[in-house]
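Working through the structure, step by step
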Amino acid sequence: MHGKTVGVIGTGQIGTVVAQILTGLGCPTLAFDPIPNGTCRSLGARYVELNQLFAESDIITLHCPLTPGNKYMIDKAAIARIKPGVMLINTSRGALLDTIAVIEALKSGKIGYLGLDVYEEEEQIFFEDRSGLILSDDVFARLLTFPNVIITGHQAFFTREALLNIAATTIDNITGFENNQPLEKLAG
């Protein structure tokens, strides 16, 4: 990855850690977030407009919450602005991607590689053993046919560290609520 330009969309807690790792690997790092993060800037990440991030990034990685304003932020129009052959990684929320547009971009080669830890309809596919059932989601089934697509089952919250962080944040929030203090937000 050394020397590849990486665009990090969403520079909260997780996006900042990703930027730190990327800069450590020697990747020029572009960032986009409505609220720029000083830590990311100090790491050398350069905040740019989303169109510039799309045009210059060899790899785009998403680390933002899903809001009404960014649903399908990677749609046909956004894909038209990305660098040909880009690697697109989404570990945030499935509905940040218009999956049909992404499939078309995979077929044309506009998206060279796709890594997903989330999928818009994931609750219908993940979280239960469905290994004996027929896959009824044709869009997901199509994604599985590409040799340049990797899909994992949004399991990051099952790690020991994540569960400990969730428990600690929950306890802090209960204590804060009891003391009329602002609540912490879970990372994600």
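Another aspect to go through is the overall build of the protein chain. Along the backbone of the protein chain there are seven helices and seven strands. Mapped from its N terminus to its C terminus, the protein chain presents α and β elements in the order β-α-β-α-β-α-β-α-β-α-β-α-β-α. Here the protein chain holds 188 residues, and the buried ones make up 39% of them. Taking the contacts inside the protein chain whose residues are at least 6 apart along the sequence as the reference set, 61% of them involve residues at least 24 apart. In the structure as shown, the protein chain presents an accessible area of about 10,900 Å², 58% of it carried by carbon and sulfur atoms.

As a further point, take unusual backbone geometry. The residue Tyr-72 is not glycine, and still its phi comes out positive at about 55°. Tracing the chain through its elements places Tyr-72 in the loop between strand E4 (59–62) and helix H4 (76–81). Positioned with a positive phi, Asn-180 is a non-glycine residue whose angle comes to about 55°. Relative to the elements of secondary structure, Asn-180 occurs in the segment after helix H7 (160–178).

Turning next to the sheet that holds E4. Hydrogen bonding along the main chain pairs the strands of a sheet, whether they run parallel or antiparallel. Strands sit in the order E3-E2-E1-E4-E5-E6-E7 across an open sheet of seven strands; the sheet is parallel. Strands with a single pairing partner mark the edges of an open sheet, and in this sheet they are strand E3 (46–47) and strand E7 (149–151). Here two bridges tie strand E2 (residues 29–32) to E3, and the two strands are oriented parallel to one another. By the bridge assignment, Leu-30 is partnered in E3 with Arg-46.

Before going further, it helps to examine the pairing of E2. Of the strand pairs in this sheet, strand E1 (residues 6–9) and E2 are connected by four bridges, and their pairing is parallel. Bridge assignment links Ile-9 to a residue of E2, and that residue is Phe-32. Chirality of the crossover, the property in question, places the unit of E1, helix H1 (residues 13–24) and E2 among those that are right-handed. For the crossover that starts at E2, traverses helix H2 (residues 38–43) and ends in the parallel E3, the hand is right-handed.

This paragraph deals with the nonpolar core. What tends to happen in soluble globular proteins is that the nonpolar side chains get buried as a cluster. Residues Ile-9, Phe-54, Ile-60, Ile-74, Val-102, Ile-111 and Leu-114 are the most contacted members of the largest nonpolar core, which totals 29 residues. Elements represented by at least two residues in this core include exactly helix H3 (50–56), E4, H4, strand E5 (86–90), helix H5 (99–108) and strand E6 (111–116). Ranked by residue count, the leading element in this core is H5, at five residues. Sequence-distant contacts of Ile-9, that is, excluding residues within four places in its chain, are made with Phe-32, Leu-50, Leu-53, Phe-54, Ile-60, Thr-61, Leu-62, His-63, Cys-64 and Met-73. Val-6, Val-8, Val-18 and Cys-27 belong to the second largest nonpolar core, which has six residues in total.

Right, let's talk about the pairing of E6 for a bit. With respect to burial, E6 is a largely interior element, five of its six residues being buried. As judged from the five bridges shared by E5 and E6, these two strands associate in the parallel manner. Within E6, the position partnered with Asn-90 by the bridge is Leu-116. Remark: the E5/H5/E6 crossover connection has right-handed handedness. In the sheet, E6 pairs with E7 via three bridges, with the strands oriented parallel. Directly across from Leu-114, in E7, lies its bridge partner Val-149.

Definitions and cut-offs
Residues numbered from 1 in each chain as written. Predicted model: local features only at pLDDT ≥ 70, side-chain atom pairs only at ≥ 80, totals over all residues. Heavy atoms only, no water. Helix = DSSP H or I, 4+ residues; strand = E, 2+ residues; numbered from the N terminus. Buried < 20%, exposed > 50% of the residue type's maximum accessible area, 1.4 Å probe, protein only. Contact = heavy atoms within 4.5 Å. Areas by Shrake-Rupley, 256 points an atom, 1.4 Å probe, with all protein chains shown as cover. Pairing = 2+ DSSP bridges. Right-handed = clockwise from strand over helix to strand, strands pointing away. Core = buried A, V, L, I, M, F, W, Y, C linked by side-chain atoms within 4.5 Å.

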